[in-house]
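# Summary of structural features
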Amino acid sequence: MYSYITRLASNEIFSLSKKIHREVGRAKDLSAPLEEEEEEEEEEEEKKKKKMKKKKKKKKVVVVVVVVMVMMIVVVVMMMMMMMVMMMMMMMMMMTTM
């Protein structure tokens, strides 16, 4: 208790008036957390949740982009194969006409 009183006294000398009122409010019930601290904790939790949501959105976007790229590559490869088949058919036709 003595250290709490000395801390309170030093805060009155060196800190802003808001901190003084907060310390005086804390002296009434030492076991109960302050409303300001609870609000700060809630704000921090909300910030963490928002960050997690942003990360999840980014991951989803990356996955979608990768899937689209893979699909494009598959389509290009298939088109190339079709062109090769067509060329081979043309070559066969040319050979049979000669």
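Because the structure is a prediction, the values reported are computed rather than measured.

Conventions we followed
- Residues numbered from 1 in each chain as written.
- Predicted model: local features only at pLDDT ≥ 70, side-chain atom pairs only at ≥ 80, totals over all residues.
- Heavy atoms only, no water.
- Helix = DSSP H or I, 4+ residues; strand = E, 2+ residues; numbered from the N terminus.
- Buried < 20%, exposed > 50% of the residue type's maximum accessible area, 1.4 Å probe, protein only.
- pLDDT = per-residue confidence, 0-100.
- Patch = residues over 30% accessible without salt bridge, like charges linked within 9 Å, V, L, I, M, F, W, Y side chains within 5 Å.
- Areas by Shrake-Rupley, 256 points an atom, 1.4 Å probe, with all protein chains shown as cover.
- Salt bridge = Lys/Arg side-chain N within 4 Å of Asp/Glu carboxyl O.

### Here's the deal with the overall build of the protein chain
Helices and strands together make up the secondary structure of the protein chain, namely three helices and zero strands. Listing every helix and strand of the protein chain by position from the N terminus yields α-α-α. Relative to its full complement of 98 residues, the protein chain shows a buried share of 7%.

### Examining the confidence of the model for the protein chain
Mean pLDDT for the protein chain: 76, with 64% of residues reaching 70 or above. Taken element by element, the predicted model of the protein chain shows its lowest mean pLDDT in helix 1 (residues 2-14) (53) and its highest in helix 3 (residues 35-97) (88).

### Describing a nonpolar patch on the surface
Where nonpolar side chains cluster on the molecular surface, the patch consists of Val61, Val64, Val65, Val68, Met69 and Met72 and spans about 540 Å² of accessible area. Position of methionine 69 among the secondary structure elements: in helix 3.

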